Structures are given as C-alpha cells and as structure tokens.
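Close look at the chain arrangement
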Amino acid sequence: MNTHAPNIRPNIRQLDDAAINRIAAGEVVERPASAVKELLENAIDAGARRIDVAIAEGGKSLIRVVDDGCGIEPDQLPLALSRHATSKIDGENLLDIHTFGFRGEALPSLGAVGRLTITSRAQGYDGARISVSGGQVGSVAPAALNTGTVVELRDLFHATPARLKFLRSDRAETQAISDVVKRLAMAEPFISFVLRDVSGGGEGRISFRADAETGDMFDALHGRLSRVLGAEFAQNALPIDAQREGLHLTGYAALPTYSRGSAVAQFLFVNGRPVRDKLLVGALRGAYHDFLSRDRHPAAALFLDCDPQLVDVNVHPAKSEVRFRDPGLARGLIVSALRHALAEAGHRASSTVASATLGAFRPEQSENAARPYQMSTPSPGARAAAYQAQAPGFADLGAGYSARVEPVSGAPEVMDDDTGEGVSERLPLGAARAQVHENYIVAQTEDGMVIVDQHAAHERLVYEKLKRQLAENGVAAQALLIPEIVEMSEGDSARLLERADDLARLGLVIEPFGGGAVAVRETPALLGQVDARAMVLDIVDELTDEGESLSVQSRLEAILSRVACHGSIRSGRRMRAEEMNALLREMEATPHSGQCNHGRPTYVELKLSDIERLFGRT
C-alpha cells in the first residue's frame, strides 16, 4: 500500500522530453520483439519489397533492419526522430488509417532507450545518416547507400538498465522476434523477408527466409503459409473467401482433425495488421465448437479487410487489439464462413492422421538390425498360425482372432476393361472388405485402403441427423412403455428440469418424480433402444460443464452430441458387409463425417504407394 506524509501537498511538475520519451518507450517497446515489429511496419509502409532483419543476443545488443523502400530525405531525418511526427496521417481523421504506423512514436521511443542510427537514401537525394543515443539527437551527416533505409539499434535499454532485468533469455527473445517476423510475413506474401542471427559476427545464420510469392492473392498466400506454418498446414487447410456488408474475410482454416493442443496456430489479421483480439478468437473458437473437444484448438490464418472507418485500431498501445463498429457483424461473418467451408469439406480428414499411422507401422531400426530385404525364417508355430489364418474357414476362427472377412456381395463392383476382373467402384471410402476387433472396418479404395472407427463414424452420422431434425421440426420422440426413473441429487435434478422444454425439442421428455428423481417418458426415436439412465446422466454432466457460457443453440447442440453417442453403433458389435458399406456410403454423403463429435478422426486412409514403401517395394 502506498503511504503519503500527512499535510504535505505534492507539487505538479512538467517532465522533460527525455523522461517523456522513456515513458512512451515503455508502452511501445516492451521487449526486443516490439522494436523489431515497429521497424518492420515502417519498412512495409515505405513500400519495401525486400526486408532483411539481423539480430544479436536476442536483439538486446543489436537489431538491424534493411529495406529497399522509398527512403527518407536528408532534411526529414531530424523530424523523423521527433515525437508525434509522421508522414502517414494528417491528424484530421484518426479513423481513416491505411498504414501500420500512424502515431509517430516508434523511432523517438527507440532512440530514448537505445543507441539508434538511421541511414537512408530517397530517390533523387544523396544518402544521409543521423544518430540518437539516450534521447540525444546528433546532426545529419552524408552516408553511402544505394537505396532504401537501414535502421540499426544497439544496446537496447542501455538508458533504462532496470528494464534489462525483466527480459528473458536470448533464446526466448529470439523466438519472440521470429514470431513477429513470421506474422508480418504472412500478412505480406509479396514481400521477401530474411531473419538472421549475427551473434557470432559475420553474415550470421539465417533462421527464417521467405522469398516473395507470385500469382494471385490466394496462391501467394497459400505458398507463404506453407513456408511459415509448414506444408502439413497448407495440405490440410480450406480456403476461406466470404463477404458481408463491407467486411471481406479471406485466408485458410485447417480441418478439425488438424487441431492443436493450444492456440499457437491461430493467426488473425485486420486490414493486414496482426491482432490478438478476443472477439475474433472467440468467433474462431465458436465456429469449431461443434467439431472439437474443449482441450483442442483450431488452426487458422484469417484476414479480415474492411473500410478503415468500420474499425478503430487506436485502442491499444501496441495496436494489437481493435474495436469494430459492429462487432456482431464481424463475428457472424467469421462463424458462418468457417462453418460453410467445413461443410463443403464433407468427409475429408487431415492427411496427418495417415502420416501418424504410417509412422506407427514403421519398426524402429537398431544399429545391428538386419537390412530391410533380409527376412528371418519363421518358426513352425508362426507358419502354422499363418496357414490357419489363410484357410477358407478364416471367418469362423475362435475368439483368439477377433477378425473376419465378410462376403463382398453387398459391395458395388464394376468390371475392369483390361482384365475383366471385378474391382471396387470408384468411391472415396471404397468397399468394405473386413471387420477387425468388432470395431474397425477395413475398406479397399481405388488407390489404397481405409480403416474406419465404426463407433466414432456412426456417432457423427447420428449427430448430424439429430441436428437436421432439430432444425426442421424438432427431434422425433418415441414413448417408453414403462417410464424409466433416474435417481440423482436434487441440484442435478433441478438443473435438468430447468431445461425440460429444450430437452423436449431434442426428443427427450422428462418429468419430476419426487426428491431428486426424474422420470424419462420419451427418448429420441432415431436412437432406437437406448440406455435412458446413462444418457440423462451424461446430459447432466454436459449442463454442469457448460454452465451459462454457451448460447441456447450451442447448448442444445452440445447436448445432442452426448445423445448421439448413446445412439451409435457400439464397439464390439459385428456388422455384415452390407451394413459396413451402407455406413461408408452415408459417411461420403454427410458433411463433417471425417471427424467425430470430439474432433478425433473417424477414418484413416493409407495410399497404396505408402503401403508399398513400408515393405520396401519403392
């Protein structure tokens, strides 16, 4: 607690310029990454096509940004180091901002806390240099430079040494700088970016490089995201392009099965500016809430463009948050655009699922392991087991083998023109060939095989059917001949009965039965015979977990997800070939069937070329 001496009135003083600049620097320059961000934004605003960033010791001892932009005229250099001096706005309308920078604080703030040197050459002028250290500005001097600007910042926070104690390790600061460079590289795919670490002197080590992309905006953005976020993201991302009332949303959003354990792969931009805005993050999360469990996070790079008059970017010192004139419009556009793209993806699942499966198949090779083409002689017991497994009675093996081959008469067949033999019809998920461990369907496709988790897949199909019924006329219900009584605590009973009307729309009719008991009179007809007690208790858990954090519609869908789990094909159930094929065809026709209600994949597809590679055939 602050204490003040009694009866002593403090005097109000005007701070000098040096103190003012250091205070301003505390808002603008939090760490070396903040300085890099400001300098990169200045280079982009100057029209640079190539930007080279060099750092040493995590940016603490050196930050150098070289660009080929328009440059600064010699007589303008002293003004560039003055507070609130900028060429980007005229000061009349702070909502009509088309550039990254507009406050005119970055350069004087950096000069107040470090040793700053600016060398620049504008077209039609000779090169010039100016330096500032601890707020003391030097004079302009001639300098040799072909074109553009070189900004060099040394000994960051040397004028405020206490700030150095709050910086993290060199590695952590370097990583933060890399993140800043990559975010801006995503926003500007037509600009080349190079980041190098020169801590050891010389040319240093290039830690990130992204050459300028070519083609239209979507092709360029796809190439840049592949370079920054990796080829796997680009392969499993869906293009987004939607407009609504002056807002234009573009970018790429990954499939739900390409989810992450944290929100590290979420990149949001407003008019090209990287932001970390709670409204936009919440909209992104809301668009995926129907496809991911609470501990998984979507991956996306989304760019929202609009008239500058519709968004205020001057609400945060680091300009990392924005305020929309109509927040609901921005949120609605993001949610609807993402859900539309996910629906169009149909049954598609992430390719990383197959990669992980293939990785699990590959045996670990020790130093003394036999070469791949050398095969050991099987033991007599192994030979006997193999012969028995290949016998005609394979489908009738004992409990020791939980697998069988079903007749394929129920699978669609066409004749091959060359061989005259029957082959699987050209269907995305192929034709069912077997069931393994009464839980996994093995299907043959045109160019590989598919393994389906029957419970997870059917759970998704039931869920989508229930959602369609709910949207149309409500979920059809079936009356129980004898109502089922479910005992629970009075608190849970009250929570459940509060939602009785909503549950009735879902085909679940309940009534109070005294104390904490609830009588279940009707259940959703689509589920058939169902364990009403287990389903009701699951719904109570869902209501307890969600609380009041979701909208009514979202809460209903969350409950439907629990209900669908009870109406799906259970693990351990044997399925006939026609049943397995019917499930595959329904998956192909149902949106979002590539993942279950919790974001896990419902099937894994292995290409024949990958399988052959496992056996050294390629």
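These figures come from a predicted structure and were not determined experimentally.

**Structural notes on the nonpolar core**
Among the nonpolar cores identified, the biggest contains 58 residues, and Leu-40, Ile-51, Leu-116 and Phe-193 are the most heavily contacted of them. Among the elements that line this core, the one with the most residues is helix H6 (residues 170-187), at eight residues. Core analysis: the next-biggest nonpolar cluster, separate from the first, contains 35 residues, Leu-255, Val-275, Ala-300 and Leu-329 among them.

**Details of the pattern of salt bridges**
In the structure shown here, the tally under the stated rule is 22 salt bridges. Lys-607 is paired through a salt bridge with Asp-447; the nearest N and O atoms lie 3.3 Å apart. With Lys-607 in strand E26 (residues 603-607) and Asp-447 in the loop between strand E21 (440-445) and strand E22 (448-453), the pair connects residues that are 160 residues apart, well separated along the chain. Asp-447 sits in the partly exposed class, given a relative accessible area of 37%. The salt bridge involving Glu-579 is made with Arg-576; its shortest N-O contact spans 3.9 Å.

**Some details on the environment of Arg-224**
For Arg-224, the location among the structural elements is in helix H7 (residues 217-229). When the C-alpha positions of Arg-224 and Ala-187 are compared, they lie 9.1 Å apart, and in sequence the two are 37 residues distant. Setting aside residues up to four positions removed in sequence, Arg-224 forms contacts with Ala-185, Met-186, Glu-188, Pro-189, Ile-191, Phe-193, Ala-210, Asp-211, Ala-212 and Glu-213.

**Things to note about the side chain of Gln-266**
Secondary-structure assignment places Gln-266 in strand E12 (residues 266-270). Of the polar contacts made by the side chain of Gln-266, one reaches the backbone oxygen of Pro-298; its length is 3.1 Å. If we ignore the near neighbours within four places in the chain, the residues touching Gln-266 are Arg-183, Val-281, Leu-284, His-297, Pro-298 and Ala-300.

**Some details on the sheet that holds strand E24 (residues 509-512)**
Judged by pairing direction, the sheet is antiparallel, and its three strands sit side by side in the order E23-E25-E24 without closing on themselves. Each edge of the open sheet is held by one strand with a lone partner, namely strand E23 (477-486) and E24. The sheet shows a mean angle of 15° between the axes of neighbouring strands, direction not considered. Looking at chain direction, E23 and strand E25 (residues 518-524) are connected through six bridges and run antiparallel. Looking across to E25, one finds that Gln-478 is bridged to Thr-523. Packing against the sheet, helix H14 (residues 490-498) makes contact with E24 and E25, and its axis sits at approximately 135° to E24.

**Topic: the side chain of Asp-52**
In this fold, Asp-52 is placed in strand E1 (residues 50-56). The exposure class assigned to Asp-52 is buried, which follows from its relative accessible area of 16%. Beyond its immediate chain neighbours, meaning those up to four positions away, Asp-52 contacts Arg-64, Val-65, Val-66, Val-194 and Arg-196.

**So, the sheet that holds strand E13 (residues 273-275)**
Ordered by their spatial adjacency, five strands build an open sheet running E10-E11-E14-E12-E13, and the pairing between neighbours is mixed. The open sheet is flanked by strand E10 (237-244) and E13, the only strands paired with a single partner. Each neighbouring strand pair of the sheet contributes to a mean axis angle of 20°, computed without reference to strand direction. By the bridge criterion, three bridges tie E12 to E13 in an arrangement that is antiparallel. Counted as the bridge partner of Val-270 is Arg-273 from E13. Of the strands in this sheet, E12, E13 and strand E14 (300-305) are in contact with H6, which crosses E12 at around 55°.

**So, the confidence of the model for the chain**
Of all residues in the chain, 77% have pLDDT values of 70 or greater, and the mean over the chain is 80. Predicted confidence is poor over residues 389-401, with pLDDT under 50, and the contacts of this stretch with residues over four places away or in other chains come to eight contacts. Per-residue pLDDT stays below 50 along residues 408-424; that stretch engages in 28 contacts with residues further than four places along the chain or on separate chains.

**Quick look at unusual backbone geometry**
Backbone geometry places Phe-157, a non-glycine residue, at a positive phi of 70°. By secondary structure assignment, the location of Phe-157 is in the loop between strand E7 (148-154) and helix H5 (161-164). Here Phe-157 falls in the buried class, since its relative accessible area comes to 0%. Here His-592, not a glycine, exhibits a phi torsion of approximately 65°, which is positive. Structurally, the position occupied by His-592 is in the loop between helix H18 (577-589) and E26.

**Regarding H18**
Taking 1.5 Å per residue, 13 residues should reach 18 Å; H18 reaches 19 Å between its end C-alpha atoms and fits that length. Three or more residues of H18 are buried, namely Ala-577, Met-580, Asn-581, Leu-583, Leu-584, Met-587 and Glu-588. Along the long axis of H18, the arc covered by the buried residues comes to 155°, so they all point the same way. Those residues of H18 that are buried are in contact with strand E20 (431-436), E21, E22, helix H13 (454-472) and E26.

Conventions we followed
- Residues numbered from 1 in each chain as written.
- Predicted model: local features only at pLDDT ≥ 70, side-chain atom pairs only at ≥ 80, totals over all residues.
- Heavy atoms only, no water.
- Core = buried A, V, L, I, M, F, W, Y, C linked by side-chain atoms within 4.5 Å.
- Buried < 20%, exposed > 50% of the residue type's maximum accessible area, 1.4 Å probe, protein only.
- Helix = DSSP H or I, 4+ residues; strand = E, 2+ residues; numbered from the N terminus.
- Salt bridge = Lys/Arg side-chain N within 4 Å of Asp/Glu carboxyl O.
- Contact = heavy atoms within 4.5 Å.
- Polar contact = N/O pair within 3.5 Å; in protein donor to acceptor, adjacent residues only side chain to side chain.
- Pairing = 2+ DSSP bridges.
- Axes fitted to C-alpha atoms, helices over the stretch in contact; angles between N-to-C directions.
- pLDDT = per-residue confidence, 0-100.
- Expected span 1.5 Å × (residues − 1).
- Arc of directions from axis to C-beta.

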